[in-house]
Amino acid sequence: MWTETGSSGPDVVRKWERKYALTTEYGVKAMYAFFIKRMTQATYDVPRPTTAVLVDRWVDSVAGSWPEMQRIRTLPSGGELVLLPRYEAFKTVAVAIARSGANFAEVAGNGPDTRILVSVIVPRDWHPDSEGSATLFEQPLLTLPEQKRVTLTVPIRDLAQTLRELDGMQVTIEHVYDF
């Protein structure tokens, strides 16, 4: 605003009034944002881009491909508490863990009976045949009329088996929600 508008010419009073008003408004908002950021940092930790997952065994082949996958603790039962990346990467790592034959027991502190969301892109006439999963909703894809999005709820104890089945069907696993 200061470089695009001159300081002379027609309506010079209006130009200076707008410059003063907007500069003051943005300056106050910037100070307020800075204050809120500092107060938030004093209260909350910086969010971590990982989630804790309990799997039935450590998978070296997956861990070798994902440096974000960290072993936290081996449990007496033989299970492993691990940290996995969140968001989009969680889907990729979860599918790799399922392909390796390992199973999930907990995700982000949610036990084996807790349902987790999995969305897939499938042919329009596709229907899930996995015992543990339930369809939450289906959505047509306007840009791909021969396909649809299906969102499934799956108990965590069945997540790996469901991912293996979906992977074997050659459908697109769009997202595995990591809470």
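Residues numbered from 1 in each chain as written. Predicted model: local features only at pLDDT ≥ 70, side-chain atom pairs only at ≥ 80, totals over all residues. Heavy atoms only, no water.

**Considering the packing of aromatic side chains**
So, step 1. Per the stated rule, a full pass over the model turns up zero aromatic pairs.
So, step 2. The lysine or arginine in question, Lys-19, covers the ring of Trp-16, its NZ or CZ lying 5.0 Å from the ring centre. (Phe/Tyr/Trp six-rings, centres within 6.5 Å; stacked < 30°, edge-to-face > 60°. Lys NZ or Arg CZ within 6 Å of the ring centre and 35° of its normal.)

**Points about the packing of helix H3 (residues 88–99) against helix H4 (residues 156–168)**
So, step 1. Where H3 contacts H4, the axes come no closer than 8 Å and their chain directions differ by 90 degrees. Regarding the angle of H3 to H4, the classification is roughly perpendicular. Residues Ala-94, Val-95, Ala-98 and Arg-99 of H3 touch H4, and the partners they reach there are Ala-160, Leu-163, Arg-164 and Asp-167.
So, step 2. Split by residue class, the contact of H3 with H4 holds five nonpolar, no polar and three charged. (Axes fitted to C-alpha atoms, helices over the stretch in contact; angles between N-to-C directions. Helix = DSSP H or I, 4+ residues; strand = E, 2+ residues; numbered from the N terminus. Parallel < 35°, antiparallel > 145°, perpendicular 65-115°, else oblique. Contact = heavy atoms within 4.5 Å. Nonpolar A, V, L, I, M, F, W, Y, C, P; charged D, E, K, R; others polar.)

**Examining the pairing of strand S7 (residues 147–155)**
Regular strands show a simple pattern: their side chains alternate between the two faces of the sheet.
So, step 1. In terms of burial, S7 is largely enclosed, as seven of its nine residues are buried.
So, step 2. Bridge count between strand S5 (residues 115–123) and S7: nine bridges; the pairing is antiparallel. Residue pairing in the sheet places Val-120 in a bridge with Val-150 of S7.
So, step 3. One ladder, built from six bridges, connects strand S6 (residues 134–140) with S7; its direction is antiparallel. Paired with Thr-135 across the bridge in S7 is Leu-152.
So, step 4. Here S6 hands over to S7 after six residues, the two strands then running antiparallel side by side. (Buried < 20%, exposed > 50% of the residue type's maximum accessible area, 1.4 Å probe, protein only. Pairing = 2+ DSSP bridges.)

**What about the nonpolar core?**
So, step 1. One finds Met-69, Ile-97, Phe-104, Val-118, Val-120 and Leu-163 to be the most contacted residues of the largest nonpolar core, which totals 35 residues.
So, step 2. Examining the composition of this core, we find that six residues originate from one element, H3, more than from any other.
So, step 3. Look past the residues within four positions of Val-118 in its chain and what remains in contact with it is Val-150, Thr-151, Leu-152, Val-154, Leu-159, Leu-163, Leu-166, Ile-173, His-175, Val-176 and Tyr-177. (Core = buried A, V, L, I, M, F, W, Y, C linked by side-chain atoms within 4.5 Å.)

**Observations regarding the sheet that holds S7**
So, step 1. Taken together, four strands build an open sheet; the order of strands is S6-S7-S5-S8 and the sheet is antiparallel. The outermost strands of the open sheet, each flanked by one partner alone, are S6 and strand S8 (172–176). Neighbour-to-neighbour, the strand axes of this sheet turn through a mean angle of 20 degrees, independent of strand direction.
So, step 2. Running over the sheet, H4 touches S5, S7 and S8 and is turned about 150 degrees from S7.

**A few points about the pattern of salt bridges**
So, step 1. The tally for this structure, following the rule as stated, stands at 10 salt bridges.
So, step 2. Here Glu-25 ties to Lys-29 by a salt bridge, and the two come within 2.9 Å at their closest N and O atoms. Linking Glu-25 with Lys-29, this pair stays in helix H1 (residues 12–43), spanning four residues, or about one helical turn.
So, step 3. Relative accessible area serves as the criterion here: at 36%, Glu-25 is assigned to the partly exposed category.
So, step 4. Residue Glu-174 pairs with Arg-149 through a salt bridge whose shortest N-O separation is 2.7 Å. Highlighted residues: Glu-174 in strand S8 and Arg-149 in strand S7, separated in sequence by 25 residues.
So, step 5. Residues joined in a network through salt bridges with shared partners are Arg-14, Glu-17 and Arg-18. (Salt bridge = Lys/Arg side-chain N within 4 Å of Asp/Glu carboxyl O.)

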